[in-house]
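# Coordinate analysis (summary)
The lines below spell out each chain.
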Amino acid sequence: MNAFDNLLKAYSFIRPVLDVALMAFIIYKSYEFIVKTNALQIIKAASVVAMAYAVATFFHLDMILWVLQKLAPGLVICFAIVFQPELRKVFLKIGQSQWFAFGNRSKHTYVDAVILAADMLSKMKRGMLVVFPRHTKIDDVIETGTIINADISSALLVTIFGHDTPLHDAACIIQGGKIIAAGCFLPLSEQYDIKKTFGTRHRAALGLAESTDAVILVVSEESGAISLAYDSQLHYDLTARQIKVQLEKLLDVTPEQKTIEDTIDENIRKL
């Protein structure tokens, strides 16, 4: 009985700490979802409605309170319809969370070959759009293009994007060390504050990064800048070294794969 009492005392001591820790974790995760999606638009709209209700309650504005109460069911439905894209992205991000990921993430190889092709195309002022899928399936995107299923090589990527072929204007999908498909069309970004100077490639890269957890590499045809899009954000004009570090981090390239890539890169430089 003494042991049980001691257990209860220990639990009563730990419970407040556990309560605060769980709440802090929930707030932190909520903040992550808000930052990585367009959920901020939803929060702004909900805040306006909540403030209107609070003001009406504080000043006892019975007519406004009555109207808000009557319109509440309709407002909820309108809210869901108007913000359907944002709500969809929030739930997609929740589903993409590591909590729901079973098994090991697929390993992506030949990062250096892609970067070498991007660097060559950048100097040629030729556009490039390459997608690295992660957890979220993008079969609907793959189906819009032409299935290739070829081993990755910088020469093949330069051939696809360096000439005015039917495939050069859209995206290549790279997964499992292969170019799965080319000429794939991506959804355009729905962000309102995107720079007007960004072309269709950058908007398409950002659009896919908003709706999936894929990593997208973009080469600007106008400026030659190389960029990465992921987690609903576009990181513009990065160096080859920055691109390599980020891709290895985001795609979970193992140390063994890094050694192979470094060897390939060194051999390419010697040629």
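Higher on the page you've got the structure.
The structure reproduced in this document is the subject of the present report. Keep in mind it's a predicted model, so treat the numbers as computed, not measured.

Our next topic: unusual backbone geometry. Of note, N149 is a non-glycine position whose phi angle comes to about 55 degrees, a positive value. According to the relative accessible area criterion, N149 is partly exposed, its value standing at 46%. Phi is positive for D237, close to 55 degrees, though the residue is something other than glycine. Note that D237 resides in the loop between β7 (233–235) and α9 (240–250).

This paragraph deals with the packing of helix α5 (residues 111–124) against helix α7 (residues 154–161). At a minimum axis separation of 8 Å, α5 and α7 run at an interaxial angle of 40 degrees. As judged from the angle between their axes, α5 and α7 are oblique. For the crossing formed where α5 meets α7, the hand is right-handed. Between α5 and α7, the contacting residues are A113, V114, L116, A117, M120 and L121 on the first element and S154, L157, V158 and F161 on the second.

Turning our eyes to something else, we now look at the packing of aromatic side chains. Applying the stated criterion to the full structure yields two aromatic pairs. Between F58 and F59, the aromatic rings sit 5.0 Å apart at their centres with planes inclined by 90 degrees, giving edge-to-face as the arrangement. By relative accessible area, F58 is classed as exposed at 62%. The class of F59 is exposed, set by a relative accessible area of 52%. When the ring of F198 is compared with that of Y236, the centres are 5.3 Å apart and the planes differ by 45 degrees; the resulting orientation is tilted. Note that F198 is positioned in the loop between β4 (178–184) and α8 (200–211) and Y236 in the loop between β7 and α9, a separation of 38 residues in sequence. Y236 gets classed as partly exposed once you look at its relative accessible area, which sits at 35%.

Reading the values: rules and limits
- Residues numbered from 1 in each chain as written.
- Predicted model: local features only at pLDDT ≥ 70, side-chain atom pairs only at ≥ 80, totals over all residues.
- Heavy atoms only, no water.
- Buried < 20%, exposed > 50% of the residue type's maximum accessible area, 1.4 Å probe, protein only.
- Helix = DSSP H or I, 4+ residues; strand = E, 2+ residues; numbered from the N terminus.
- Axes fitted to C-alpha atoms, helices over the stretch in contact; angles between N-to-C directions.
- Parallel < 35°, antiparallel > 145°, perpendicular 65-115°, else oblique.
- Left-handed = near helix turned anticlockwise from the far one by under 90°.
- Contact = heavy atoms within 4.5 Å.
- Phe/Tyr/Trp six-rings, centres within 6.5 Å; stacked < 30°, edge-to-face > 60°.

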